[in-house]
Amino acid sequence: ITMPRVDEIDADALARQIKSRHPDLPVYLMIQNTSKHLLHREITGNQFIDRQYVWYGNADLLLALIKNLEDQMNVAYDTQRAKVRVIILVEDSPFYCSTLLPLLYTEIVTQTQAVMEESVNDEHRILRMRARPKILVADNYEEALDLYQQYRPYLLSVFSDVRFPKKGRMDDQAGIDLLRRI
């Protein structure tokens with residue numbers, strides 16, 4: 001997780017260096033001055049920064065980013081082995097994703113902890129926490145459809161924006177088309 005400028009290096013250059021050494025390591029850009037950075041990414045794109053988030057001072061966002069990365073890493077194993085459910089969030093806006101992810105994780109963890117109180121022992125509590133639904137984020141139609149097709153048997157819910165990229169272009173009906181298809 002990086003900011004737009006760390007010492008004398010900008011986020012693009014830092015992300016390029018990180019990806020050259022660790023291509024599979026996700027790089028997230030946390031921004032505060034949203035207009036300049038979001039506009040820059042929309043125009044030029046950046047293949048080295050995986051996702052942008054907007055920092056509003058909510059510490060729950062950091063926890064949500066970590067949990068979301070864990071979910072991405074564990075979802076295949078957890079769905080196949082333990083039939084864990086999947087929630088797909090389709091949102092291309094860093095503003096809304098930065099708000100929705102912490103809310104979703106807070107609610108899921110709260111509900112899971114309430115169920116855990118009924119657990120018999122620590123091992124059972126850990127098992128229940130690991131079995132919480134996994135949240136997967138897509139920021140375009142094709143990613144969302146791929147996640148749906150891959151995890152369809154385990155799908156619990158889909159939260160979708162209406163307007164997001166489809167076939168590389170912004171589509172005002174992409175969310176409606178996606179939900180119709182699902």
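See the structure printed just above.
Residues numbered from 1 in each chain as written. Predicted model: local features only at pLDDT ≥ 70, side-chain atom pairs only at ≥ 80, totals over all residues. Heavy atoms only, no water.

### Considering the pattern of salt bridges
- One pass over the full model with this rule turns up seven salt bridges.
- One salt bridge in this structure joins Asp 177 and Arg 180, with 3.8 Å as the shortest N-O distance. Here the residue Asp 177 and the residue Arg 180 both occupy positions in helix 7 (residues 174-181), the gap between them amounting to three residues, near one helical turn.
- One salt-bridge network, held together by shared partners, links Lys 166, Asp 177 and Arg 180. (Salt bridge = Lys/Arg side-chain N within 4 Å of Asp/Glu carboxyl O. Helix = DSSP H or I, 4+ residues; strand = E, 2+ residues; numbered from the N terminus.)

### Overview of the layout of surface pockets
- By volume, the second largest pocket amounts to about 330 Å³.
- The wall of the second largest pocket is formed by 14 residues, among which Arg 51, Gln 72, Val 137, Glu 143 and Leu 147 lie closest to the centre.
- Sorting the residues of the lining of the second largest pocket by element identifies helix 3 (60-82), strand 6 (134-138) and helix 6 (141-151) as the ones contributing at least two each.
- Among the elements that make up the lining of the second largest pocket, the one with the highest residue count is helix 6 (four residues).
- Per-class residue counts for the lining of the second largest pocket are eight nonpolar, one polar and five charged. (1 Å grid on protein atoms, 1.4 Å probe; cavity = no way out; pocket = protein on both sides within 12 Å on 5 of 7 lines; lining within 4 Å. Points joined across faces, edges and corners; volume = space filled by probe spheres on them. Nonpolar A, V, L, I, M, F, W, Y, C, P; charged D, E, K, R; others polar.)

Honestly, it's all geometry; don't read function into it.
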